[in-house]
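Fold and geometry: a report
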Amino acid sequence: MTGPRRWLVRGPVLVYLALLVGLPVGYLFAKAFGSGFQAFWAEVTKPGAIAALKLSAEVAAIAVPVNTIVGVGAALLLARRDFPGKRFLDLSFDVPVAVSPIIIGVSLVLAYSRIGWFGSWLAEQGISILFSPTGIVLATMAVSLPYVLRSVLPVLVEVGREQEQAARTLGAGSLRIFWQVTLPSIRWGVLYGVTLTIARTLGEFGAVLIVSGNISGYTQTLPIYIFDSWDQNFDFLGSFAGAVVLASISILVLVALSLLRSKEKRLHVDLA
Amino acid sequence: MSISLEHLTKRYGEHPVVDDVSAEIPSGSLTAILGPSGSGKSTLLKLIGGLEVPDLGRVIIEGDDVTDVDPRFRDIGFCFQHYAPFRHMTVAKNVAFGLKVRKRPKAEIRARVEELLVLVRLQDKAGRYPAQLSGGERQRMALARALAIEPRVLLLDEPFGALDAQVRSELRTWVKELHEEIHVTTILVTHDQDEAMEVADQLLIMHEGRIEQAGEPTDLYDQPVNSFVHGFLGPTTEFGGVAVRPHDLELFGPGPGGETGVVTGITALGFEVQVTVGFADAQSTWVQMSRNEFNSLGIAIGSEISVRPRV
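Quick caveat, the model's predicted, so the values are computed rather than measured.

On to the overall build of chain A. From N to C terminus, chain A includes 14 helices and zero strands. The order of helices and strands in chain A, counted from the N terminus, is α-α-α-α-α-α-α-α-α-α-α-α-α-α. Judged by the C-alpha coordinates and their principal axes, chain A covers about 70 × 65 × 30 Å. For chain A, buried positions account for 35% of its 272 residues.

Written as structure tokens, this is what we have:
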């Protein structure tokens, strides 16, 4: 398509994107820096904000590796083995993102509170899951469960088994096959899944709010800090500043992935 | 290394894909498993290689029962139809893989990889990635990778299936020469009877999961045990109610001592001419002859002519 006609397609898409993403996020950045960079910096370095950023980072540092290992393992199971209950396992992974995060939060509270199934036993052992960072990690892992699996599974199916079988006939054991043959051929799927998991992990709000108890400086993740500043403390600048930090981290992760990808493409022409 | 297959059976669900197959593959031979698609020949090869597990039967390599041995420990070189190159490794790293697994010294690996790359004529491509190779080059790389571990048996699944005609015939000749040079017992799977007849010194003809006939190519061509083998191994026509090779018939006369009919078709294929003869009371037949022979008959469509077996 050339000339004015291409704008018939491009125009609406650009307007749509601008209305949904560009304008609101742009306005947010403008507002956060509206009172100058020093005011912004003062907000970002407040103890509550620092604590929230630290907790979000810690939660991600646990949830992302765990879900990556679980996701790759489940993808290998689903792509390479047959067993009873396979379809059920496949479906189960999608439940946490198919239902509203609030439901995940409520069911975790039900299961782990003192009246719940494991809660009373855990309380006797002196372990508290709810209203603590442990609960936040659990809730976050639940809502970010399927991203690695869903990014890796189609790649595994696409690549097929023959490289792995060839490695086997050459004498390689399962571990060597995984590290030297399987993982290199699915690495982009894994990285893409990890990116989505990081974004979801940092951004999760609903499920975390329910299980965290929203204790300032202790169980406030960055999204909850933003919400709290906005809704409870009427600290709008603090809320905008936190939001800008959160958005910037996610955008950086996405940009890093796409840079890695274009570098890879230059190195190996048509790997596919 | 000789291979014995004893009553091998593999079912998918109820349907047997390989059905009670027994065969002896002589040491140092180049054996072709030949059959139409869906005949179970690739599955049979995977059973020998250990990539599929049989429901019944044994695989014995040089007296060792390897039926329950993982492919890791079978010492076989397996080449896949689409070569299964390690796409993220260079040609040299692909070939070195089996040697690294065996923890050979670095210097030895380097020397052996170089030697193999010369053998498969890829010495200039050592640093390339599989995506940068042609189909024939990928095939040769896969062969070098399989040969690196000095396998007891080399198994090739449709080795020339994915190549264009020119490369195909070059590679056929090359594989035959390679086999004469290194003499490793080799089994290849193919659906192409010309390829099998040209390359192999032993044939196993498979049909619907069973072996129809086994033996040397010329014996099978001349003495097929049934109409399937007859039809599969070469051109076939019917004369006097039986299947015959069209080059085993001749035209004469018309006169007594044969069936007399009318020429209904003439196809000239370079030096070869195929003449179809229709009969009033029998199935029509076709006869294959040289151009000189055809010219000396002086026939055209509609000519009356007699057919008899060549003596």
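Residues and elements named next belong to chain B. For strand S1 (residues 3–12) and strand S4 (residues 56–61), the ladder comprises five bridges, and the chain directions are antiparallel. Residue pairing for S4: Thr9 is matched across the bridge by Leu56. Pairing of S1 with strand S2 (residues 15–25), which is carried by seven bridges, proceeds in the antiparallel orientation. If you follow Leu8 over to S2, its bridge partner there is Val21. If you look at the hairpin formed by S1 and S2, you'll find two residues sitting between the two strands, and Gly13 has a positive phi there, around 70°.

Here we come to the sheet that holds strand S8 (residues 185–190) of chain B. Residue and element names in this part refer to chain B. Ordered in space as S6-S7-S8-S3-S9-S10, the six strands form an open sheet in which the pairing is mixed. Pairing within the sheet leaves two strands with one partner each, and these edge strands are strand S6 (76–79) and strand S10 (210–215). With strand direction ignored, the average angle separating the axes of adjacent strands in the sheet is 15°.

With that out of the way, let us pick up the interface of chain A and chain B. Each partner contributes to the interface: chain A provides 19 residues, whereas chain B provides 19 residues. Of all the secondary-structure elements, those providing two or more residues to the side of chain A that touches chain B are helix H10 (162–169) and helix H11 (174–203) of chain A. Ranked by residue count, the leading element in the side of chain A that touches chain B is H10(A), at seven residues.

The next subject is the sheet that holds strand S17 (residues 304–309) of chain B. Residue and element names in this part refer to chain B. Read from one edge to the other, the open sheet built from five strands follows the order S13-S17-S14-S15-S16, with strand pairing classed as antiparallel. Because the sheet does not close on itself, it has two edges, and the strands there are strand S13 (249–252) and strand S16 (285–290). Each adjacent strand pair in this sheet contributes to an overall mean axis angle of 45°, direction not counted. When strand S14 (residues 259–269) meets S17, the two strands line up antiparallel, connected through four bridges. Along S17, the bridge assignment pairs Val262 with Glu304.

Residue and element names in this part refer to chain A. Where helix H3 (residues 47–80) meets H11, the axes come as close as 9 Å, and the angle between the chain directions of the two elements is 145°. At the point where H3 passes H11, the crossing takes the right-handed sense. Residues Ser56, Val59, Ala60, Ala63, Val64, Asn67, Thr68, Gly71 and Val72 of H3 pack against Val190, Gly193, Val194, Thr197, Ile198, Thr201 and Leu202 of H11. Of the residues in the contact of H3 with H11, the class split is nine nonpolar, seven polar and no charged.

The biggest cluster of nonpolar side chains holds 73 residues, and the ones touching the most others in it are Ile33(B), Leu44(B), Val95(B), Ala144(B) and Leu155(B). Sequence-distant contacts of Val95(B), that is, excluding residues within four places in its chain, are made with Val113(B), Leu116(B), Leu117(B), Met141(B), Ala144(B), Arg145(B) and Ala148(B). Counting 54 residues, the second-largest nonpolar core is a separate cluster that includes Ala142(A), Leu209(A), Ile226(A) and Val244(A).

Our focus in this paragraph is the pairing of S6(B). Residues and elements named next belong to chain B. On S6, burial covers both faces: Ile76 and Phe78 on one face and Gly77 and Cys79 on the other are all buried. Direction of pairing for S6 relative to strand S7 (residues 153–157): parallel, over a ladder of four bridges. What sits directly across from Cys79, in S7, is Leu156.

Domain boundaries assigned for chain B yield domain 1 (3–231) and domain 2 (238–309). Spacing between the C-alpha centres of domain 1 of chain B and domain 2 of chain B amounts to 41 Å.

All names here are of chain B. Cis geometry is adopted by the peptide bond preceding Pro254, which originates at Gly253 and carries an omega value of 20°. With respect to the element layout, Pro254 can be found in the loop between S13 and S14. Backbone geometry places Glu62, a non-glycine residue, at a positive phi of 45°. Its place among the elements puts Glu62 in the loop between S4 and strand S5 (64–65). Judged by the 14 C-beta atoms lying within 10 Å of it, Glu62 falls in the partly exposed class. The backbone of Tyr83 sits at a positive phi, close to 70°, despite the residue not being glycine. Inspection of the secondary structure assignment puts Tyr83 in the loop between S6 and helix H2 (91–101).

Parameters at a glance
- Residues numbered from 1 in each chain as written.
- Chains lettered and ligands numbered in written order.
- Predicted model: local features only at pLDDT ≥ 70, side-chain atom pairs only at ≥ 80, totals over all residues.
- Helix = DSSP H or I, 4+ residues; strand = E, 2+ residues; numbered from the N terminus.
- Buried ≥ 20, exposed ≤ 12 C-beta atoms within 10 Å, placed from the backbone.
- Pairing = 2+ DSSP bridges.
- Axes fitted to C-alpha atoms, helices over the stretch in contact; angles between N-to-C directions.
- Contact = placed C-beta atoms within 7 Å.
- Left-handed = near helix turned anticlockwise from the far one by under 90°.
- Nonpolar A, V, L, I, M, F, W, Y, C, P; charged D, E, K, R; others polar.
- Core = buried A, V, L, I, M, F, W, Y, C linked by C-beta atoms within 7 Å.
- Domains from an automatic or database assignment.

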